[in-house]
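Structural description and commentary
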Amino acid sequence: MQLFFCLFFIHTLVYAQTNNYVIKQYNSENGLPQNSVKAIKFDKSGFCWLATEAGIVRFDNNNFKSYGSDVVKGLKGERIVAMMADTAGNIYAQTLDFQNIKITGSTSLYAYLPKLAGTDSLNFMATGYITKSPTFDSLWQAIYNAATIPLVKTPGGMKNGDIYLFQGGNAYFIRKTNITKLKRNETEPVGRLILGDHYYLQVWPGNRSRCWNNGVEQAGPIHGAISSNKQFLSGDFKALWCERGAFIYAGGNLYELFYRNGAVDSKCVLSNLNLEMPLCIAYRPDLKTYFIGTGTQGLYTIKVSDFIYPEIPKESGPENYYTIAKTSQDDILVNNALVRRDNSSLYVPLYNSDGRASYTDSADRIYYENSYLLSRYNSRTGVIDRNIFQLDNRMISIIPFKEDGTLLLCTHSSLYKITAEGRLIYQKKFSPDMVATELVPLKNEACLLATAAGLKWYDLKNHTISRSILDSFSIRNVYPDKQNRLWIGTDGKGSFLYTNNKLYPLPPGPRRAFSSIHAFIEDNTGNFWLPTNNGLYKVQIQTLADFATGKTNSVFWSAFNKGNGLRTNEFNGGANPNFQWLHDGALVLPSIDGLVKFYPNRFTTDFPREKIFIDEISIDGQSIILDSINGPIRLKPTFQNLHIKIACPFFGNKEDLKLEYKIGTNKGEWIPVPSSGIVSINTLPAGDYTLMFRKAGSNEHTPGGSISVNITVTPFFYRTGWFFAGIVLLIGGLVYMSSRRRVAKLEKEKLKIEKIVETRTEKLSTAVQQLEDSEIALKKSNEVKEQIISTVLHDIRSPLFSMRITGKSLVKNWAHGSDENLNQVIGLNQLIGELSRFTDQFFSWAVSQQEHFNVKRTQFSLQQLFEDIEALFREILQINNNKCSIHTTTIQPYTDKDILILILRNLVDNANKNTENGTISIKAALIPEGLQIQVSDTGKGLNAFQIENFLNRDKAVKNGRMGSAIILEMLDKIDGALSVTSEQGKGSVFTITLKQEPIANG
């Protein structure tokens, strides 16, 4: 059936809305120190400076920072009465005390601070540029001296240095060396403005104006939109000027003025505003943003939206869109509405709000679904064919066959091929467990079939599936790009890249927006536009692919959200097609709150180009004067806190500027900088460091993408090379003295023995007595030897341990020297460590071998013993990046504490040698046999042969395993036993069992 609705459409024409702004207000409640903003200027670095009654304020789109007498040295008062820029871009402010302050853009690593400008003669203008003119100074002084009342200067400064002065009965055009007298004003103008580089404009009520060019007057009205504004005509307006334009605010509208075609013209740039006492303006055309300061309401930023929302007839229903159809004339068909190229629209009763697929043929006939019926709308004639073909389920794709004019229809459960008029050629039903979500044609009758259970390769000729990926994901959309890569979006489970038969997940994106990408929209400059449930994003396709495949470690995307003028951050998808490119370069997208239209090629540079600056530095609460920093920041070894505040004057979308930092090498992890811009560092070991800041998504080739600060932490005196050298010399001296002492004692013993031998030879008759004397002497000699061994091992034990710690510290803090020197020091440290452990073991064993050695049993806290061992090995474990885990116990055993410590220290030391980047655990428990203590590790483990060697005392000694031999011998002395279990690659468990009387349990 054909229905004609042409006459019905006539009265439903609607026009698009004319204004869509993003307005933000800043006042004393959210950052400004005071609500009167008298002037707004941007410096060369991009910072925004505000003149207020409470001083100069710097704004970087994130934080406000005030500069008063505590910062600007010599400043008497904070109250600013004027602020202007010269033609070189330097900003000057004047206080109530007539002190001049100069602000320039910073070219260094550190942000520039405002400073007093000295006593130079500066002429602050009523409008235009500040100038230095001795000719004007002389003229003004003469006028001022002749006046009977105080005068306020109201000159206008041109960009070339010329000055216009209208003061009461005086009117002058002043150049560098000459003065031209002009026709004076009969009354004072309401507004004064500079137009372009050459024109000085004066405006009176009734749309009267005088425009001056090189001292020549041109009188007449201002043409254009402002000429019909009632408030302007009555004189109720405010003239506002900045380097980027001349404006008049009247009746809630802001008008921009131009001089063209021999007259002053105007256009309305903002409308329906509600500003009280506008005092100043700054315009950023690159951001489409106006900064307006007021007398009582603070600062307003007004951004003209980047997006257009065509006004849709109310009878069309809710503006919650999915599929978008387009005609050859760039008319857009959505839910019950046809949107023209000029953004006007009309109601069309299609009843297609539940449709998820559409197709427009060469005759501008649009095929769509209406309640499981294939329908067709002729956009040229208005004819609607309601029932072309009955569908078995919701339609998800319509694909034309250009060869024979037939259509391929895909629903959730079937694939149809029909003629353009609805005659069925064939139907292929999918398996009952498969729900189709999209059909994308490839080459040679191959298709990609997206389903609720993965992505399938479908052969139209044989109706078979040859391959499938992501079978556990519901596929929302798939896009084959020009390089035969597949970009895949899922229902809330992330997005993927499929290339070279490999699947790569895409990053989650900001606020996990990329978990549901509704469409991969490729423009003609190599970018993707990605509508999501949490904003619209732009990213370079190749950069995203390189990041996903691991070729790069950073990717940047531009974010577009409500801050850019979107009504909502949530877009819609799950339809085909769900976007359209128009002939004029516009892109149209569906959202849950209106049809979004914008021009991607009109957006300015996406990546933030502004530099990053170090804004403040403080060490342990003491601020550092940035101008005094020359070279690295030097910190004492006892410092507690280093605070560094950074700033970047980026006034675009805040989500596009993500600052990160890290300390150390390029392999370190980047950490987000807090919104305050303050990075805090709490203590660092002695050494040289590089603190790096960057904008996320930048690399070494990105201009202004990163900065770095060098930091030096000086060592304690006992960790310097000189101290280490002194320790080495001291140890060498002690060893030498000890060896000399031993030699002397041995010589003495030698003489004593020789004397005994001589006595025996002389007195054979008393041989028996001499033998007894010799035995006594030999016994004394053995006692002396035992004392020597104990003394030497005891005396050398502590120095060796200190050498070991010093050696490790030297290796850790090695900053200068060749690799060969470093390797030698590392080798020395390893040898010292081995010698220290050998000495410790040998000392304990030697003590136990003495004749008078006795086991001393006492009751003590096992938990305290464990904690002492953990403290002893804390630094040693860090060498292998290990950590110690102590299981809490209240057991108080009755045994020899020193022997138990010796055994456990050997076991922990052995575990540390065989473990890297792991955990060494110590725990104890009471069992029927007595006390059980376990030392376990997560190291490389032992095989059966190694376990046998460890538990066999003879093999241990033969193989040079002094530690295991000592452990086994010491266990015998305290009635203990040792068992070992191990699994290679997972670690070992050493279990000690002590047989004894019942043990106290806390």
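Remember, it's a predicted structure, so these values are computed and weren't measured experimentally.

This structure, assessed with the given rule, holds 34 salt bridges. Where D361 meets R365, a salt bridge forms, and the shortest distance between an N and an O atom there is 2.8 Å. A relative accessible area of 12% places D361 in the buried class. With a closest N to O distance of 3.5 Å, K456 and D471 form a salt bridge. Placement of K456 in strand β41 (residues 454–459) and of D471 in the loop between β42 (464–469) and β43 (475–480) is noted, with a sequence separation of 15 residues between them. Through salt bridges with shared partners, a single ionic network connects D361, R365, R376, D385 and E421.

Let's shift gears to the confidence of the model for the chain. Looking at the chain, the pLDDT average stands at 86 and 87% of residues meet or exceed 70. Predicted confidence for residues 1–18 stays below pLDDT 50, and this span has 45 contacts to residues more than four positions away or in other chains.

Turning to the packing of helix α8 (residues 862–879) against helix α9 (residues 897–913), a few remarks are in order. Orientation of α8 relative to α9, taken along the N-to-C sense of each, is 35°, at an axis distance of 11 Å. Seen from above, α8 lies across α9 with right-handed handedness. Together, L862, L865, F866, I869, L872, F873, I876 and L877 of α8 and K897, L900, I901, L904, R905, V908, D909 and N912 of α9 make up the contact between the two elements.

Empty pockets left among the atoms are what a rolling probe the size of a water molecule brings to light. Its boundaries defined by the atoms lining it, the largest pocket holds a volume of some 1,400 Å³. Around the largest pocket, the lining is made up of 41 residues, and of these V81, A82, F124, M125 and A126 lie nearest the centre. Of the residues belonging to the lining of the largest pocket, the class tally is 23 nonpolar, eleven polar and seven charged.

A few words on helix α4 (residues 541–548). What sets the pattern is the α-helix's 3.6 residues per turn: residues three or four places apart point alike. What α4 keeps buried is the set I541, L544, A545, D546 and A548. Tucked into the core, α4 has its buried residues touching β44 (486–490), β45 (495–499), β46 (502–505), β47 (521–522), β48 (527–532) and β49 (535–540).

Looking at chain direction, β43 and β44 are connected through five bridges and run antiparallel. Across the sheet, residue I475 finds its bridge partner in β44, namely T490.

Right, let's get into a positive patch on the surface. Positive charge collects at one region of the surface, where R741, K745, K748 and K752 lie side by side. Relative to the helices and strands, K752 is located in helix α5 (residues 721–762).

A few words on the nonpolar core. Within the largest apolar cluster, 37 residues are counted, with the highest numbers of intra-cluster contacts made by L862, I903, L904, I933 and I992. Within the residue set of this core, elements represented by two or more residues are α8, α9, β66 (919–927), β67 (930–937), α10 (944–951), α12 (962–973), β68 (976–983) and β69 (987–994). The element best represented in this core is α9, accounting for eight residues. Setting aside its immediate chain neighbours within four residues, I903 contacts I967, M970, L971, I974 and I992. Counting 29 residues, the second largest nonpolar core, distinct from the first, contains Y110, I612, I614 and L684.

For the rest of this paragraph, the subject is a nonpolar patch on the surface. Judged by side-chain polarity, F717, Y718 and F723 come together as a nonpolar surface patch covering roughly 310 Å² of accessible area. On the secondary structure map, F717 appears in the loop between β62 (706–713) and α5.

Attention shifts here to the sheet that holds strand β28 (residues 332–334). Sheet architecture is open: four strands sit in the order β27-β28-β29-β30, paired in antiparallel fashion. In the strand order of this sheet, the two ends are held by β27 (325–326) and β30 (345–347), each with one partner. Pairing geometry for β28 and strand β29 (residues 337–339), over three bridges, is antiparallel. Bridging across to β29, V334 finds its partner in A337.

One pass over the structure, following the stated rule, counts 43 aromatic pairs. Ring geometry for Y164 versus F173: centroids 4.7 Å apart, planes at 35°, classification tilted. The pair formed by Y164 and F173 is uniform in burial state, with each residue classed as buried. Look at W487 and F528: their rings are 5.0 Å apart centre to centre, the planes differ by 85°, and that puts the pair in the edge-to-face class. Highlighted residues: W487 in strand β44 and F528 in strand β48, separated in sequence by 41 residues. For the pair W487 and F528, a shared accessibility class is recorded, and that class is buried. Joined through ring pairs, the aromatic side chains of Y26, F42, F59, F64, F291 and F651 make up one cluster. The positively charged end of R602 is found above the aromatic ring belonging to Y599, 3.7 Å away from the centroid.

Buried residues of α10: I947, N949 and F950, and no others. The buried residues of α10 all sit within an arc of 160° when viewed along its axis, so they share a single face. Seen from the buried face of α10, the exposed residues on the opposite side, beyond 90 degrees, are A944 and F945. The opening residue of α10 is N943, an N-cap whose side-chain oxygen sits 3.2 Å from the backbone nitrogen of F945.

What follows deals with the environment of S121. With respect to the helices and strands, S121 occurs in the loop between β10 (115–116) and β11 (127–128). The class for S121 is partly exposed, based on a relative accessible area of 39%. Discounting chain neighbours no more than four positions away, the residues touching S121 are T131, K132 and D137.

Analysis parameters
- Residues numbered from 1 in each chain as written.
- Predicted model: local features only at pLDDT ≥ 70, side-chain atom pairs only at ≥ 80, totals over all residues.
- Heavy atoms only, no water.
- Salt bridge = Lys/Arg side-chain N within 4 Å of Asp/Glu carboxyl O.
- Buried < 20%, exposed > 50% of the residue type's maximum accessible area, 1.4 Å probe, protein only.
- Helix = DSSP H or I, 4+ residues; strand = E, 2+ residues; numbered from the N terminus.
- pLDDT = per-residue confidence, 0-100.
- Contact = heavy atoms within 4.5 Å.
- Axes fitted to C-alpha atoms, helices over the stretch in contact; angles between N-to-C directions.
- Left-handed = near helix turned anticlockwise from the far one by under 90°.
- 1 Å grid on protein atoms, 1.4 Å probe; cavity = no way out; pocket = protein on both sides within 12 Å on 5 of 7 lines; lining within 4 Å.
- Points joined across faces, edges and corners; volume = space filled by probe spheres on them.
- Nonpolar A, V, L, I, M, F, W, Y, C, P; charged D, E, K, R; others polar.
- Pairing = 2+ DSSP bridges.
- Patch = residues over 30% accessible without salt bridge, like charges linked within 9 Å, V, L, I, M, F, W, Y side chains within 5 Å.
- Areas by Shrake-Rupley, 256 points an atom, 1.4 Å probe, with all protein chains shown as cover.
- Lys, Arg positive; Asp, Glu negative; His and termini not counted.
- Charge placed at Lys NZ, Arg CZ, Asp CG, Glu CD.
- Core = buried A, V, L, I, M, F, W, Y, C linked by side-chain atoms within 4.5 Å.
- Phe/Tyr/Trp six-rings, centres within 6.5 Å; stacked < 30°, edge-to-face > 60°.
- Lys NZ or Arg CZ within 6 Å of the ring centre and 35° of its normal.
- Arc of directions from axis to C-beta.
- Polar contact = N/O pair within 3.5 Å; in protein donor to acceptor, adjacent residues only side chain to side chain.

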